[in-house]
Amino acid sequence: MKNVMKIVTKIVFPAAVTAAVVFLFFRDISFNDIKINFFKIPLFYLLAFILLSMAGTFLRALRYHILLSKKLPFADLFLITLVRNFSVDLLPARTASLVFYSYLTNKKGLPVEEGASSFVISVFYDGLALCLLLGIMLFFLKTEINRGAIYAGMGLIFMLSVIFVFFADSILRFLLKIKIFGRFPRIEKFFQNIYEYLAAHKKNSERLIVFALSFFIRLIKYVFVYILFEGIVGIGFGLHYFSLFSFGLAGTELSSLIPLQGLGGFGTWELAFSLIFKALQIPADNLKEAGFVIHITTQVWEYTIGIAALVYLFIKNNGKSKEN
């Protein structure tokens, strides 16, 4: 019965959500529309997208390298990061990428707690970096939308990120001190290991480097997605439009927090993209098509290199286990 429920919640429901959203909100888009809009993207733009995507992956792997105290070879972390990238949308709230990342770092000899902690803390650094990027973009934003919701959202992300990055170790130390997990030795040991990890990564110099890397990772991502967007809609490269796009993409990415997702995020991502970008009044008639093309292009690229990296890691690990 449990296996049936897992199949229903992980495959049947997401497939139904994808089908329903695509039918209700994108029934006026044909496959030919998608193809036409994809071929609007100049080849140079696609090459720039690929190069910037790899540069972002390099910086993300470098950040993990620092957060893991350089305990794993950088080449292995780069491959693990490629796997992490393609698995982001498999389950809501990045849970699939957390599982893949923790599993693969554990296979390389790191404790699960250390791998999971480095992943989670990187997410909150992403939150701080996003707040800085959007804060800069506010200076160029021209929109009639009430900014109160924007400020509230940024404030919430900033507050949660600051609490976790700067105070998570103190909170855990307090909880461990009062023996809140005392009745559950295994859970207590798990959180003790997380506390020890956080306590070892609280130097301000490290925090500054990781934050700088997080900012450039976020900036590079928004730039390469905007390149695809501009290639499709052709609105130009002005800071005003890039600021609108940045807020639109940030809002679209929050759709990953919805508990019930389409398969691989398809359907829910495109719906959020279309609704948010229309609300921002970006002057383009093909926003629905743009959302589809951007999501398909980025997913195909990330799945291709991510699955290749995953296969290579498994072959490499199996080869080493046979030697031993």
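Further up the page is the structure itself.
Residues numbered from 1 in each chain as written. Predicted model: local features only at pLDDT ≥ 70, side-chain atom pairs only at ≥ 80, totals over all residues. Heavy atoms only, no water.

Enquirer: Sorry, what's going on with the environment of Leu59 here?
Expert: Inspection of the secondary structure assignment puts Leu59 in helix α3 (residues 43-67). Sequence separation of Leu59 and Ser214 is 155 residues, and the distance between their C-alpha atoms is 8.1 Å. Those residues in contact with Leu59, other than ones at most four positions away along the chain, are Leu213, Phe216, Ile217 and Ile220. (Helix = DSSP H or I, 4+ residues; strand = E, 2+ residues; numbered from the N terminus. Contact = heavy atoms within 4.5 Å.)

Enquirer: What is the right way to read helix α9 (residues 204-233) from this model?
Expert: Helical periodicity: at 3.6 residues per turn, an α-helix aligns residues three or four positions apart in one direction. With 30 residues, α9 ought to run about 44 Å at 1.5 Å a step, and its terminal C-alpha atoms sit 42 Å apart, in line with that. Of the residues flanking the end of α9, it is Gly234, one or two places downstream, whose phi is positive at about 65°. (Expected span 1.5 Å × (residues − 1).)

Enquirer: Would you mind going over the packing of aromatic side chains with me for this structure?
Expert: Each aromatic ring pair is summarised here by two numbers: the centre-to-centre distance and the angle between the ring planes. Applying the stated rule across the entire model yields 23 aromatic pairs. For the pair Phe86 and Phe100, a centre-to-centre distance of 5.8 Å together with 50° between the ring planes defines the contact as tilted. With Phe86 in helix α4 (residues 74-86) and Phe100 in helix α5 (residues 95-107), the pair connects residues that are 14 residues apart, well separated along the chain. The partly exposed category is assigned to Phe100, whose relative accessible area is 24%. (Phe/Tyr/Trp six-rings, centres within 6.5 Å; stacked < 30°, edge-to-face > 60°. Buried < 20%, exposed > 50% of the residue type's maximum accessible area, 1.4 Å probe, protein only.)

Enquirer: What exactly am I supposed to notice about empty space enclosed by the protein here?
Expert: One way to see where empty space is left: roll a probe the size of a water molecule over the atoms. Applying the stated rule across the entire model yields 2 cavities of 30 Å³ or more. Its boundaries defined by the atoms lining it, the largest cavity holds a volume of some 40 Å³. Every residue lining the largest cavity is listed: Ile121, Phe164, Val165, Ala168, Asp169, Leu198, His201, Lys202 and Arg207. Residue composition of the lining of the largest cavity, grouped by class: 5 nonpolar, 1 polar and 3 charged. Space inside the second largest cavity adds up to approximately 30 Å³. Lining the second largest cavity are Ser53, Thr57, Leu82, Asn85, Trp301, Glu302, Ile305 and Gly306. Only α3, α4 and α12 (287-323) provide two or more residues apiece to the lining of the second largest cavity. A total of 4 residues in the lining of the second largest cavity trace back to one element, the largest contributor, which is α12. (1 Å grid on protein atoms, 1.4 Å probe; cavity = no way out; pocket = protein on both sides within 12 Å on 5 of 7 lines; lining within 4 Å. Points joined across faces, edges and corners; volume = space filled by probe spheres on them. Nonpolar A, V, L, I, M, F, W, Y, C, P; charged D, E, K, R; others polar.)

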